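Examining the three-dimensional arrangement
Letter by letter, the chains look like this.
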Amino acid sequence: MSMMTWTEADTVRTVPWHSESATPAPTRIMVADDRMNAETAYRLACEGTALLWRGDYHNARQLLQAMSRRVDRKAPGPGDSPAESFRLQRRARNHRARVLGKLLVQLEGDHALALRRAPDVRQACDDVYGQSGEPMLIALTELLGVLGAAQWREKGVQIPALDATIYPHYGVFSPIRGEYVDLVAATPLPALHRTAFDLGTGTGVLAAVLARRGVGQVVGTDDSPRALVCARENIDQLGLAGTVDIVGPALFPEGRADLVVCNPPWLPARPTSAIEHGVYDQDSGMLRGFLAGLADHLEPDGEGWLVLSDLAEHLGLRTRDDLLAMIDSAGLHVIDKTDTTPRHPRAQDASDPLHAARAAEVTSLWRLVVSL
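Residues numbered from 1 in each chain as written. Predicted model: local features only at pLDDT ≥ 70, side-chain atom pairs only at ≥ 80, totals over all residues. Heavy atoms only, no water.

In this section: the sheet that holds strand S3 (residues 28-32). In space, the four strands of this open sheet follow the order S3-S4-S5-S6, with mixed pairing throughout. Of all the strands in the sheet, just S3 and strand S6 (136-139) have a single pairing partner and so form its edges. Ignoring strand direction, the axes of neighbouring strands in this sheet form an average angle of 35°. Taken together, the four bridges between strand S5 (residues 103-107) and S6 define a ladder with antiparallel strand orientation. Pairing of Leu107 across the sheet is with Met136, part of S6. (Pairing = 2+ DSSP bridges. Helix = DSSP H or I, 4+ residues; strand = E, 2+ residues; numbered from the N terminus. Axes fitted to C-alpha atoms, helices over the stretch in contact; angles between N-to-C directions.)

Pasting the structure below:
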(Lines give C-alpha, C1' and ligand atoms only; values in the text may rest on other atoms or scores of the structure.)
Protein backbone atom coordinates (compact mmCIF):
# COMPACT_ATOMS: atom_id res chain seq x y z
CA MET A 1 0.00 0.00 0.00
CA SER A 2 1.37 3.42 -0.98
CA MET A 3 1.57 6.12 1.67
CA MET A 4 1.10 9.83 1.06
CA THR A 5 2.87 12.37 3.25
CA TRP A 6 2.26 16.11 3.42
CA THR A 7 2.51 18.99 5.87
CA GLU A 8 -0.69 20.58 7.12
CA ALA A 9 -0.94 23.20 9.88
CA ASP A 10 2.75 22.67 10.65
CA THR A 11 2.13 18.96 11.18
CA VAL A 12 3.49 16.15 9.02
CA ARG A 13 0.70 13.76 8.12
CA THR A 14 0.87 10.32 6.49
CA VAL A 15 -2.19 8.46 5.16
CA PRO A 16 -2.49 5.44 2.83
CA TRP A 17 -3.43 6.02 -0.81
CA HIS A 18 -6.11 3.88 -2.44
CA SER A 19 -7.21 3.60 -6.07
CA GLU A 20 -9.60 1.01 -7.44
CA SER A 21 -8.12 1.57 -10.92
CA ALA A 22 -4.59 1.00 -9.57
CA THR A 23 -3.58 4.60 -10.32
CA PRO A 24 -0.19 5.28 -8.67
CA ALA A 25 -0.14 7.62 -5.72
CA PRO A 26 0.59 11.23 -6.69
CA THR A 27 4.13 12.30 -5.89
CA ARG A 28 3.17 15.87 -4.89
CA ILE A 29 0.29 16.94 -2.69
CA MET A 30 -0.96 20.22 -1.30
CA VAL A 31 -3.97 21.17 0.78
CA ALA A 32 -6.76 23.07 -1.00
CA ASP A 33 -10.03 24.60 0.14
CA ASP A 34 -12.77 26.97 -1.01
CA ARG A 35 -10.25 29.68 -1.82
CA MET A 36 -8.80 27.57 -4.66
CA ASN A 37 -10.02 28.74 -8.06
CA ALA A 38 -10.57 26.43 -11.02
CA GLU A 39 -7.80 27.85 -13.19
CA THR A 40 -5.17 27.31 -10.50
CA ALA A 41 -6.51 23.87 -9.65
CA TYR A 42 -6.47 22.84 -13.30
CA ARG A 43 -2.91 24.11 -13.80
CA LEU A 44 -1.61 22.32 -10.71
CA ALA A 45 -3.38 19.09 -11.63
CA CYS A 46 -1.94 19.19 -15.16
CA GLU A 47 1.50 19.62 -13.61
CA GLY A 48 0.93 16.50 -11.49
CA THR A 49 0.17 18.10 -8.11
CA ALA A 50 -2.62 16.46 -6.13
CA LEU A 51 -5.03 18.72 -4.24
CA LEU A 52 -6.31 17.39 -0.92
CA TRP A 53 -9.66 19.08 -0.40
CA ARG A 54 -10.48 20.51 3.03
CA GLY A 55 -13.32 22.84 2.02
CA ASP A 56 -17.03 22.43 1.35
CA TYR A 57 -18.09 19.18 -0.33
CA HIS A 58 -20.40 20.81 -2.87
CA ASN A 59 -17.73 23.37 -3.72
CA ALA A 60 -15.36 20.47 -4.43
CA ARG A 61 -17.87 19.02 -6.88
CA GLN A 62 -18.28 22.39 -8.57
CA LEU A 63 -14.50 22.74 -8.80
CA LEU A 64 -14.29 19.31 -10.38
CA GLN A 65 -16.90 20.30 -12.96
CA ALA A 66 -14.98 23.49 -13.75
CA MET A 67 -11.76 21.52 -14.18
CA SER A 68 -13.63 19.07 -16.41
CA ARG A 69 -14.77 21.89 -18.69
CA ARG A 70 -11.18 23.06 -19.06
CA VAL A 71 -10.01 19.56 -19.96
CA ASP A 72 -12.80 19.16 -22.51
CA ARG A 73 -11.84 22.37 -24.30
CA LYS A 74 -8.83 20.47 -25.63
CA ALA A 75 -10.76 17.38 -26.70
CA PRO A 76 -9.39 15.97 -29.97
CA GLY A 77 -11.32 15.94 -33.20
CA PRO A 78 -11.54 13.00 -35.59
CA GLY A 79 -8.33 11.34 -36.74
CA ASP A 80 -7.27 10.31 -40.22
CA SER A 81 -8.93 6.92 -39.75
CA PRO A 82 -11.47 5.34 -37.39
CA ALA A 83 -8.65 3.55 -35.56
CA GLU A 84 -6.74 6.81 -35.12
CA SER A 85 -9.91 8.56 -33.90
CA PHE A 86 -10.37 5.79 -31.35
CA ARG A 87 -6.77 6.09 -30.14
CA LEU A 88 -7.07 9.86 -29.83
CA GLN A 89 -10.30 9.55 -27.85
CA ARG A 90 -8.81 6.93 -25.54
CA ARG A 91 -5.74 9.08 -24.94
CA ALA A 92 -7.93 12.12 -24.23
CA ARG A 93 -10.09 10.16 -21.78
CA ASN A 94 -7.02 8.86 -19.99
CA HIS A 95 -5.62 12.39 -19.74
CA ARG A 96 -8.97 13.60 -18.44
CA ALA A 97 -9.02 10.88 -15.79
CA ARG A 98 -5.45 11.71 -14.71
CA VAL A 99 -6.15 15.44 -14.36
CA LEU A 100 -9.51 15.13 -12.60
CA GLY A 101 -8.11 12.34 -10.43
CA LYS A 102 -5.75 14.84 -8.79
CA LEU A 103 -8.57 16.30 -6.64
CA LEU A 104 -8.48 14.14 -3.50
CA VAL A 105 -10.55 13.64 -0.38
CA GLN A 106 -9.78 11.83 2.86
CA LEU A 107 -11.99 9.08 4.20
CA GLU A 108 -11.75 8.49 7.94
CA GLY A 109 -11.31 5.04 9.49
CA ASP A 110 -15.07 4.46 9.43
CA HIS A 111 -15.24 5.85 5.85
CA ALA A 112 -16.86 9.09 7.00
CA LEU A 113 -16.14 12.15 4.87
CA ALA A 114 -15.30 15.03 7.19
CA LEU A 115 -16.18 17.93 4.87
CA ARG A 116 -18.82 20.60 5.28
CA ARG A 117 -22.18 19.58 3.74
CA ALA A 118 -20.80 16.14 2.88
CA PRO A 119 -23.30 13.28 2.53
CA ASP A 120 -23.02 10.14 4.60
CA VAL A 121 -20.86 7.96 2.37
CA ARG A 122 -20.03 5.27 4.91
CA GLN A 123 -22.33 2.48 3.72
CA ALA A 124 -21.49 3.00 0.04
CA CYS A 125 -17.77 2.92 0.84
CA ASP A 126 -18.12 -0.10 3.12
CA ASP A 127 -19.76 -1.98 0.24
CA VAL A 128 -16.77 -1.28 -2.01
CA TYR A 129 -13.77 -1.08 0.32
CA GLY A 130 -14.81 -3.25 3.23
CA GLN A 131 -14.17 -2.07 6.75
CA SER A 132 -10.54 -0.98 6.90
CA GLY A 133 -10.40 0.86 10.24
CA GLU A 134 -7.86 3.44 9.04
CA PRO A 135 -8.09 6.65 7.01
CA MET A 136 -7.23 6.71 3.31
CA LEU A 137 -6.94 9.21 0.49
CA ILE A 138 -8.89 8.65 -2.71
CA ALA A 139 -9.74 10.69 -5.78
CA LEU A 140 -13.02 12.56 -5.57
CA THR A 141 -13.89 11.08 -8.97
CA GLU A 142 -13.58 7.62 -7.47
CA LEU A 143 -15.80 8.54 -4.53
CA LEU A 144 -18.44 9.89 -6.92
CA GLY A 145 -18.25 6.60 -8.82
CA VAL A 146 -18.76 4.68 -5.59
CA LEU A 147 -21.80 6.81 -4.72
CA GLY A 148 -23.22 6.41 -8.22
CA ALA A 149 -22.78 2.64 -8.01
CA ALA A 150 -24.61 2.62 -4.67
CA GLN A 151 -27.58 4.30 -6.35
CA TRP A 152 -27.56 1.72 -9.18
CA ARG A 153 -27.31 -1.05 -6.60
CA GLU A 154 -30.34 0.30 -4.76
CA LYS A 155 -32.42 1.19 -7.82
CA GLY A 156 -31.39 -1.68 -10.10
CA VAL A 157 -31.79 -2.13 -13.85
CA GLN A 158 -35.09 -3.36 -15.22
CA ILE A 159 -34.64 -6.35 -17.55
CA PRO A 160 -37.73 -6.88 -19.74
CA ALA A 161 -36.59 -10.37 -20.77
CA LEU A 162 -36.77 -11.38 -17.10
CA ASP A 163 -39.65 -9.11 -16.11
CA ALA A 164 -37.45 -8.42 -13.12
CA THR A 165 -34.72 -6.12 -11.84
CA ILE A 166 -30.98 -6.81 -11.76
CA TYR A 167 -28.82 -5.00 -9.20
CA PRO A 168 -25.25 -4.19 -10.37
CA HIS A 169 -22.39 -3.73 -7.91
CA TYR A 170 -19.47 -1.31 -8.14
CA GLY A 171 -16.96 -2.46 -10.74
CA VAL A 172 -19.41 -4.88 -12.39
CA PHE A 173 -20.63 -4.06 -15.88
CA SER A 174 -24.28 -2.99 -15.78
CA PRO A 175 -26.68 -4.57 -18.33
CA ILE A 176 -28.08 -1.22 -19.48
CA ARG A 177 -27.55 -2.13 -23.15
CA GLY A 178 -30.39 -4.60 -23.46
CA GLU A 179 -29.86 -5.75 -27.04
CA TYR A 180 -27.43 -8.50 -26.07
CA VAL A 181 -29.81 -9.75 -23.39
CA ASP A 182 -32.67 -9.80 -25.89
CA LEU A 183 -30.59 -11.86 -28.35
CA VAL A 184 -30.01 -14.56 -25.72
CA ALA A 185 -33.67 -14.42 -24.72
CA ALA A 186 -34.97 -14.85 -28.28
CA THR A 187 -32.54 -17.25 -30.03
CA PRO A 188 -33.93 -20.82 -30.22
CA LEU A 189 -32.28 -23.12 -27.71
CA PRO A 190 -30.51 -26.29 -28.86
CA ALA A 191 -32.73 -29.38 -28.94
CA LEU A 192 -30.94 -30.59 -25.82
CA HIS A 193 -30.58 -27.82 -23.24
CA ARG A 194 -30.19 -29.66 -20.00
CA THR A 195 -27.08 -27.69 -19.06
CA ALA A 196 -25.54 -24.33 -19.95
CA PHE A 197 -22.46 -22.33 -19.05
CA ASP A 198 -22.50 -18.51 -18.95
CA LEU A 199 -18.91 -17.31 -19.22
CA GLY A 200 -18.15 -13.87 -17.80
CA THR A 201 -21.52 -13.76 -16.08
CA GLY A 202 -21.08 -10.27 -14.54
CA THR A 203 -24.39 -9.46 -12.85
CA GLY A 204 -25.67 -12.95 -13.68
CA VAL A 205 -28.27 -11.58 -16.09
CA LEU A 206 -27.68 -14.05 -18.95
CA ALA A 207 -27.49 -17.01 -16.58
CA ALA A 208 -30.85 -15.92 -15.19
CA VAL A 209 -32.33 -15.57 -18.69
CA LEU A 210 -31.20 -19.09 -19.60
CA ALA A 211 -32.66 -20.51 -16.38
CA ARG A 212 -35.97 -18.73 -16.94
CA ARG A 213 -36.05 -20.15 -20.50
CA GLY A 214 -35.99 -23.68 -19.12
CA VAL A 215 -32.33 -24.75 -19.08
CA GLY A 216 -32.16 -27.34 -16.33
CA GLN A 217 -28.81 -26.37 -14.79
CA VAL A 218 -26.79 -23.22 -15.47
CA VAL A 219 -23.25 -22.50 -14.30
CA GLY A 220 -22.05 -18.90 -14.45
CA THR A 221 -18.37 -18.01 -14.19
CA ASP A 222 -16.36 -14.81 -13.86
CA ASP A 223 -12.78 -13.87 -13.06
CA SER A 224 -13.85 -10.89 -10.92
CA PRO A 225 -14.54 -11.58 -7.22
CA ARG A 226 -16.93 -8.61 -7.16
CA ALA A 227 -18.87 -10.02 -10.12
CA LEU A 228 -19.16 -13.40 -8.40
CA VAL A 229 -20.68 -11.79 -5.30
CA CYS A 230 -22.97 -9.62 -7.45
CA ALA A 231 -24.18 -12.53 -9.58
CA ARG A 232 -24.88 -14.72 -6.55
CA GLU A 233 -26.95 -11.97 -4.93
CA ASN A 234 -28.96 -11.42 -8.10
CA ILE A 235 -29.54 -15.13 -8.63
CA ASP A 236 -30.70 -15.47 -5.02
CA GLN A 237 -33.11 -12.54 -5.21
CA LEU A 238 -34.57 -13.96 -8.44
CA GLY A 239 -35.21 -17.27 -6.69
CA LEU A 240 -32.95 -19.20 -9.10
CA ALA A 241 -30.31 -20.49 -6.68
CA GLY A 242 -31.53 -24.05 -7.21
CA THR A 243 -30.94 -23.81 -10.97
CA VAL A 244 -27.98 -21.46 -11.32
CA ASP A 245 -24.57 -21.98 -9.72
CA ILE A 246 -21.98 -19.19 -9.78
CA VAL A 247 -18.35 -20.35 -9.65
CA GLY A 248 -14.91 -18.86 -10.12
CA PRO A 249 -12.71 -17.05 -10.59
CA ALA A 250 -12.48 -18.89 -13.91
CA LEU A 251 -13.39 -18.65 -17.57
CA PHE A 252 -14.71 -22.20 -18.05
CA PRO A 253 -16.12 -24.35 -15.24
CA GLU A 254 -15.32 -28.04 -15.09
CA GLY A 255 -17.18 -30.42 -17.36
CA ARG A 256 -19.27 -29.97 -20.50
CA ALA A 257 -22.61 -28.38 -21.32
CA ASP A 258 -25.21 -28.47 -24.07
CA LEU A 259 -24.90 -24.71 -24.45
CA VAL A 260 -22.00 -22.36 -23.69
CA VAL A 261 -22.73 -18.63 -23.87
CA CYS A 262 -20.12 -15.89 -23.87
CA ASN A 263 -20.55 -12.13 -24.22
CA PRO A 264 -16.92 -10.95 -24.07
CA PRO A 265 -15.85 -7.31 -23.94
CA TRP A 266 -16.25 -5.94 -27.44
CA LEU A 267 -13.16 -3.80 -28.00
CA PRO A 268 -9.60 -5.21 -28.13
CA ALA A 269 -7.91 -2.50 -26.07
CA ARG A 270 -6.32 -2.33 -22.62
CA PRO A 271 -8.77 -1.49 -19.81
CA THR A 272 -7.61 1.22 -17.42
CA SER A 273 -10.10 0.66 -14.59
CA ALA A 274 -12.19 -2.11 -13.09
CA ILE A 275 -15.38 -1.11 -14.85
CA GLU A 276 -13.61 -0.94 -18.23
CA HIS A 277 -13.03 -4.70 -18.11
CA GLY A 278 -16.65 -4.98 -19.24
CA VAL A 279 -15.86 -3.07 -22.46
CA TYR A 280 -12.17 -3.60 -23.27
CA ASP A 281 -10.52 -6.99 -23.84
CA GLN A 282 -6.79 -6.57 -24.39
CA ASP A 283 -5.62 -8.51 -27.46
CA SER A 284 -9.12 -10.12 -27.56
CA GLY A 285 -7.91 -12.38 -24.74
CA MET A 286 -11.32 -13.48 -23.46
CA LEU A 287 -12.70 -13.93 -26.97
CA ARG A 288 -9.75 -16.10 -27.93
CA GLY A 289 -9.98 -18.07 -24.67
CA PHE A 290 -13.67 -18.78 -25.21
CA LEU A 291 -13.18 -19.97 -28.79
CA ALA A 292 -10.08 -22.03 -27.98
CA GLY A 293 -11.75 -23.85 -25.09
CA LEU A 294 -15.24 -24.25 -26.50
CA ALA A 295 -14.82 -27.62 -28.24
CA ASP A 296 -13.54 -29.22 -25.04
CA HIS A 297 -16.54 -28.00 -23.04
CA LEU A 298 -19.43 -28.82 -25.37
CA GLU A 299 -21.52 -31.97 -25.16
CA PRO A 300 -22.03 -33.82 -28.47
CA ASP A 301 -24.41 -31.75 -30.63
CA GLY A 302 -23.93 -28.80 -28.25
CA GLU A 303 -23.76 -25.17 -29.30
CA GLY A 304 -21.64 -22.17 -28.38
CA TRP A 305 -23.27 -18.75 -28.48
CA LEU A 306 -20.92 -15.85 -29.03
CA VAL A 307 -22.59 -12.48 -28.44
CA LEU A 308 -20.42 -9.78 -29.95
CA SER A 309 -20.68 -6.26 -31.32
CA ASP A 310 -18.88 -5.43 -34.57
CA LEU A 311 -17.89 -1.97 -33.31
CA ALA A 312 -14.24 -3.09 -33.26
CA GLU A 313 -14.50 -3.77 -36.99
CA HIS A 314 -15.91 -0.32 -37.74
CA LEU A 315 -13.13 1.22 -35.66
CA GLY A 316 -10.44 -0.71 -37.52
CA LEU A 317 -9.35 -2.61 -34.41
CA ARG A 318 -10.29 -6.06 -35.67
CA THR A 319 -11.53 -7.32 -39.04
CA ARG A 320 -14.32 -9.75 -39.80
CA ASP A 321 -11.69 -12.01 -41.37
CA ASP A 322 -9.77 -11.94 -38.07
CA LEU A 323 -12.86 -13.14 -36.21
CA LEU A 324 -13.67 -15.86 -38.74
CA ALA A 325 -10.06 -17.05 -38.66
CA MET A 326 -10.23 -17.37 -34.85
CA ILE A 327 -13.42 -19.41 -35.15
CA ASP A 328 -11.95 -21.66 -37.82
CA SER A 329 -8.63 -22.21 -36.03
CA ALA A 330 -10.55 -23.31 -32.92
CA GLY A 331 -12.15 -26.14 -34.93
CA LEU A 332 -15.57 -24.47 -35.02
CA HIS A 333 -17.99 -23.33 -37.66
CA VAL A 334 -20.97 -21.00 -37.75
CA ILE A 335 -24.45 -22.49 -38.23
CA ASP A 336 -26.41 -19.26 -37.82
CA LYS A 337 -26.10 -15.60 -36.88
CA THR A 338 -28.77 -13.24 -35.55
CA ASP A 339 -28.21 -9.48 -35.71
CA THR A 340 -29.65 -6.50 -33.92
CA THR A 341 -28.85 -2.80 -33.87
CA PRO A 342 -27.94 -0.86 -30.73
CA ARG A 343 -30.49 1.34 -29.00
CA HIS A 344 -28.17 3.38 -26.80
CA PRO A 345 -28.14 7.20 -27.17
CA ARG A 346 -24.52 7.44 -28.34
CA ALA A 347 -25.47 5.72 -31.59
CA GLN A 348 -27.53 8.82 -32.45
CA ASP A 349 -25.03 11.42 -31.20
CA ALA A 350 -23.68 13.05 -34.36
CA SER A 351 -21.25 15.19 -32.33
CA ASP A 352 -19.35 12.09 -31.18
CA PRO A 353 -16.07 11.77 -33.15
CA LEU A 354 -16.78 8.04 -33.31
CA HIS A 355 -20.36 8.55 -34.51
CA ALA A 356 -19.90 6.90 -37.92
CA ALA A 357 -18.66 3.69 -36.31
CA ARG A 358 -21.32 3.71 -33.58
CA ALA A 359 -24.12 4.38 -36.06
CA ALA A 360 -23.04 1.38 -38.16
CA GLU A 361 -22.65 -0.97 -35.18
CA VAL A 362 -24.42 -4.32 -35.20
CA THR A 363 -24.58 -6.75 -32.30
CA SER A 364 -24.74 -10.42 -33.28
CA LEU A 365 -25.30 -13.78 -31.69
CA TRP A 366 -23.12 -16.33 -33.50
CA ARG A 367 -24.22 -19.96 -33.12
CA LEU A 368 -21.12 -22.14 -33.20
CA VAL A 369 -20.66 -25.90 -33.33
CA VAL A 370 -17.62 -28.15 -33.46
CA SER A 371 -16.47 -28.87 -37.02
CA LEU A 372 -16.67 -32.50 -38.07
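Here we take up the packing of helix H6 (residues 179-186) against helix H7 (residues 205-212). To characterise two packed helices, one gives the angle between the axes of the helices and the distance between these axes. At a closest axis distance of 9 Å, the pairing of H6 and H7 adopts a crossing angle of 25°. What the angle tells us is that H6 and H7 run roughly parallel. Crossing of H6 against H7: the hand is right-handed. Residues Tyr180, Val181, Val184 and Ala185 of H6 pack against Val205, Leu206, Val209 and Leu210 of H7. Each residue belonging to the contact of H6 with H7 can be placed in one class, and the counts come to eight nonpolar, no polar and no charged. (Parallel < 35°, antiparallel > 145°, perpendicular 65-115°, else oblique. Left-handed = near helix turned anticlockwise from the far one by under 90°. Contact = heavy atoms within 4.5 Å. Nonpolar A, V, L, I, M, F, W, Y, C, P; charged D, E, K, R; others polar.)

Moving on: the packing of helix H4 (residues 122-129) against helix H5 (residues 140-155). It is at 9 Å that the axes of H4 and H5 come closest, and there the two elements cross at 95°. Between H4 and H5, the angle falls in the class roughly perpendicular. From H4, Ala124, Cys125, Asp127, Val128 and Tyr129 reach across to H5, where they touch Glu142, Leu143, Val146, Leu147, Ala150 and Arg153. Partitioning the contact of H4 with H5 into residue classes produces eight nonpolar, no polar and three charged.

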